[in-house]
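Chain and residue survey
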Amino acid sequence: ELKVEQNPLFLSMQEGKNYTIYCNYSTTSDRLYWYRQDPGKSLESLFVLLSNGAVKQEGRLMASLDTKARLSTLHITAAVHDLSATYFCAVYGGTSYGKLTFGQGTILTVHP
Amino acid sequence: DVKVTQSSRYLVKRTGEKVFLECVQDMDHENMFWYRQDPGLGLRLIYFSYDVKMKEKGDIPEGYSVSREKKERFSLILESASTNQTSMYLCASSLNPNSGHTQYFGPGTRLTVL
């Protein structure tokens, strides 16, 4: 059974600082997704990582995938308040029809 | 623009009631999903459908059923609502995952069962 674990689950950052959210998963997969959820809103797709070594960047966020280590990272550079949200990683287990297994989510709060 | 809509944002029901949650997507996606979201547990898959009238159990199907009579519409049914089904319910849709397509989510329905 595929298990996906994120850490930390809660992250309080100061504006301008850097930090990394980790997503570990338990079985082989080469497809990993990152989503963002603002309070009271639904999930919005951030990154789709489709192979070992994949790196995607948008603005202050950069995501990478190491399939050998079964690890993805979401790196935040020079955080700003607008990045405050809950971030989820989700792993495609290779079973049929696009079933994803989600991590618990990381609640990020960026303080002035 | 991609759109997934859900019939209600907030719903309050009584224990034992039959509850219908509806989801509609306008992207001609084959795959549709129902999740529930609870604090600290992430999203857990209840059921999914890969074609009209086709469905598969997810990780937590007990107490739920689904219906997909048309490609664009996927309904979640709570046959006899219980208090432990109080949760946020999210619908999603996607194209073929083997091509790396992401899932698109609806706004969610916050269901309270009293």
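Values in this document were obtained by computation on a predicted structure and should not be read as measured data. (Residues numbered from 1 in each chain as written. Chains lettered and ligands numbered in written order. Predicted model: local features only at pLDDT ≥ 70, side-chain atom pairs only at ≥ 80, totals over all residues. Heavy atoms only, no water.)

Contact residues are listed per partner, giving 20 residues for chain A and 24 residues for chain B. Seen at the junction of chain A and chain B, the total is one salt bridge. Of the charged contacts in the structure, one is a salt bridge between Lys99(A) and Asp59(B), with a shortest N-O distance of 3.0 Å. Counting across the chain A and chain B interface gives seven residue pairs in polar contact (both at pLDDT 80 or more). Residue assignment for the side of chain A that touches chain B shows that the elements contributing at least two residues are β4 (32–37), β5 (43–49), β9 (85–92) and β10 (100–102) of chain A. (Contact = heavy atoms within 4.5 Å. Salt bridge = Lys/Arg side-chain N within 4 Å of Asp/Glu carboxyl O. Polar contact = N/O pair within 3.5 Å; in protein donor to acceptor, adjacent residues only side chain to side chain. Helix = DSSP H or I, 4+ residues; strand = E, 2+ residues; numbered from the N terminus.)

Residues and elements named next belong to chain B. In the structure shown here, the tally under the stated rule is two disulfides over all chains. The partner cysteine of cysteine 23 in its disulfide is cysteine 91, sulfur to sulfur 1.9 Å. A torsion of -75 degrees about the S-S bond marks the disulfide between cysteine 23 and cysteine 91 as left-handed. Here cysteine 23, found in strand β3 (residues 19–25), pairs with cysteine 91, found in strand β9 (residues 87–94); they are 68 residues apart in sequence, far enough to count as distant. (Disulfide = S-S within 2.5 Å.)

With that settled, consider the side chain of Asn31(B). Residue placement: Asn31(B) occurs in strand β4 (residues 31–38). In terms of polar contacts, Asn31(B) uses its side chain to reach the backbone carbonyl oxygen of Leu95(B), at 3.0 Å.

In this section: the pattern of salt bridges. Charged atoms that come close allow side chains of opposite charge to pair. All names here are of chain B. One pass over the structure, following the stated rule, counts ten salt bridges over all chains. Note that glutamate 22 and arginine 73 form a salt bridge whose closest N and O atoms lie 3.1 Å from each other. With a gap of 51 residues between them, glutamate 22 in strand β3 and arginine 73 in strand β8 (residues 73–78) connect regions that are remote in the sequence. The salt bridge partner of glutamate 69 is lysine 53, with a shortest N-O separation of 2.5 Å. Pair noted here: glutamate 69 is in strand β7 (residues 64–70) and lysine 53 is in the loop between β5 (42–51) and β6 (54–57), with a separation of 16 residues, a long-range link.

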